Amino acid sequence: MGGSRFQIHADFQPEKCGGDTSSAGDADRISRLPDDILLGILSLLSLKESARTSVLSSRWINLWKHTPSLDFDDAQTSIDKLYKQPDLRRSERRKYMKWVDSVCRSHKSPTLKEFKIRFPINRSARNAKAIARWLRFALSRRVRRLELDVDDLYGSSYKKCCFPNKLLNPRTLVDFSSLKELSLNNVDVSDGAIEFFLNKCPLLERLIVRFSNQMSRLEICGSSLVLKHLEIEFCSGLESLKVSVPSLTSLSVTSLKGFSLENVPMLVDLSVRVVDDNTSLYRLFHQLLCRCISQLQTLHVSLSNVGISSAELDELWELPQMPKLKKLVIEYCVRGDKSLVRLAPFIRASPSLVEFVLHHKWYLYSREDREQREQRNDAIKIPHRHLKVFEFRGYYSCTNDAGLLGYVLENCVVLEKIIIDPCFTLGNSDLEIEEVEETARKNVKQKLAPQVPQHIELVIL
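Since we're looking at a predicted model, the values are computed, not measured.

Student: Please give an account of the overall build of the protein that cites residues and values.
Tutor: When helices and strands are counted, the protein shows 12 helices and 17 strands. The proportion of buried residues among the 461 residues of the protein is 48%. Residue pairs at least 24 apart in sequence account for 69% of intrachain contacts in the protein once pairs closer than 6 positions are excluded. Total accessible area computed for the protein in this model is approximately 22800 Å², and 48% of it derives from carbon and sulfur atoms.

Student: Describe in detail the environment of R145, supporting the description with residues and values.
Tutor: Counting through the fold element by element, R145 comes out in strand β3 (residues 145–149). In this structure R145 comes out as partly exposed when scored by relative accessible area, which is 31%. Separated by 33 residues in the primary sequence, R145 and L112 place their C-alpha atoms 8.2 Å from one another. Among the polar contacts made by the side chain of R145, one reaches the side chain of E114 at a distance of 3.4 Å.

Student: Give me unusual backbone geometry: which residues, what numbers.
Tutor: In the Ramachandran plot, F211 falls in the positive-phi region, its phi being about 55 degrees despite a non-glycine side chain. Even without being a glycine, F234 presents a positive backbone phi close to 55 degrees. By secondary structure assignment, the location of F234 is in the loop between β7 (229–233) and β8 (240–244).

Student: Kindly report on the pattern of salt bridges, identifying the contributing residues and their values.
Tutor: Throughout the structure, instances matching the rule amount to 17 salt bridges. Where E355 meets K327, a salt bridge forms, and the shortest distance between an N and an O atom there is 4.0 Å. Pair noted here: E355 is in strand β14 (residues 355–360) and K327 is in strand β13 (residues 327–332), with a separation of 28 residues, a long-range link. On the accessibility criterion, E355 (23% relative accessible area) is partly exposed. As a salt-bridge pair, E391 and R393 come within 3.0 Å of each other at their nearest N and O atoms. Of the residues examined, R393 reaches a relative accessible area of 29% and is grouped as partly exposed.

Student: Account for helix α11 (residues 399–411), with residues named and values stated.
Tutor: The terminal C-alpha atoms of α11 lie 18 Å apart, and with 13 residues this matches the ideal 18 Å at 1.5 Å per residue to within 8%. Three or more residues of α11 are buried, namely N400, D401, L404, L405, Y407, V408 and N411. Along the axis of α11, the buried residues cluster in a sector spanning 155 degrees; they form a single face.

Definitions and cut-offs
- Residues numbered from 1 in each chain as written.
- Predicted model: local features only at pLDDT ≥ 70, side-chain atom pairs only at ≥ 80, totals over all residues.
- Heavy atoms only, no water.
- Helix = DSSP H or I, 4+ residues; strand = E, 2+ residues; numbered from the N terminus.
- Buried < 20%, exposed > 50% of the residue type's maximum accessible area, 1.4 Å probe, protein only.
- Contact = heavy atoms within 4.5 Å.
- Areas by Shrake-Rupley, 256 points an atom, 1.4 Å probe, with all protein chains shown as cover.
- Polar contact = N/O pair within 3.5 Å; in protein donor to acceptor, adjacent residues only side chain to side chain.
- Salt bridge = Lys/Arg side-chain N within 4 Å of Asp/Glu carboxyl O.
- Expected span 1.5 Å × (residues − 1).
- Arc of directions from axis to C-beta.

This is how it looks when you write it as structure tokens:
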């Protein structure tokens, strides 16, 4: 092999299977592979599965303790169990914390590529000490990717876990300089802590903060930063966010309160999902995004909660040009008397667009609002010569849906694929969801399929 991706500590000397190695080789050829290859195999398993390989033979007993990634993601099975049996919450949490402590005590690798905690943990003195202990361990191993997701699904926001600020005190001698990726989900973290990470993590390329309530006036600024990916999402206390990072290529935000973009010449991937503001379309595209709109290659924008008046929809033809945009994702919710064809200007403003994804949240309105009669189609017909894929999520086969699909089929002259996904998620029961989605699929096959030319692939999910 070339350069090994895994390193074994110098003191690590695993026992080999006893007896004649030549005869044992036929029975267990995998165990005779070099350590770095075996560690590569273990890295494809979950942490618990990796530990179970200890029973295979003496050759494997200590091997899992040298895996470079520790992913304590036990949320899937445990959360399902907690939903069905809430009384188990405390015992499951205690079991999870013992598991993490046990692995940390026995793990031998001097460095870590990844350390991930994901489990519902509420705020308490005991839990805070445990989290601080785990973070100290990971940072002492020069961890590169650190993720902390401790959402207490049954608790209130005031019980949300806080990032242990004592680790940020220089006197503690905790070294953050190895971090390249930091993700904090459902962890309260302050403006000062974010500033600390930016100053003390010179290699930091990826920063994600979600569902934190302590930040208020955040500045992510600095010409010396190497940050490439930034997500600041669902942080309810955030009053302002200023971003000025020359190296930044990807940005995701869910609040435009006090939002400003300055020096972002490399920004090509932007997600704006507004959940707490009534920003107008004009302000969004002509003011807030004016410094990057012409360079974007991917844009994900939610119009579901943006204050869009009928006059503004009529003025969508004044959208600024997005000459480099390759992929556009729009989340949109509209009543039955408002035509989806009004979104056509987004296609017109993106002459290089290759993929257009529309997530139509029709289910947020009553049935009578989404079953309207024929509507006028006032969209100007302009051929688009690059769009190849159109994905329609939330398709219900009403007049609105058919109108937009008709526009795409008529104007997108190189279209290769249409993907239809009913994706109904707000039913009162699994049976209702299944019935609505099956009705939509049946309508697609009966009404839409005959209209789609044979050279265009129609995919129904």
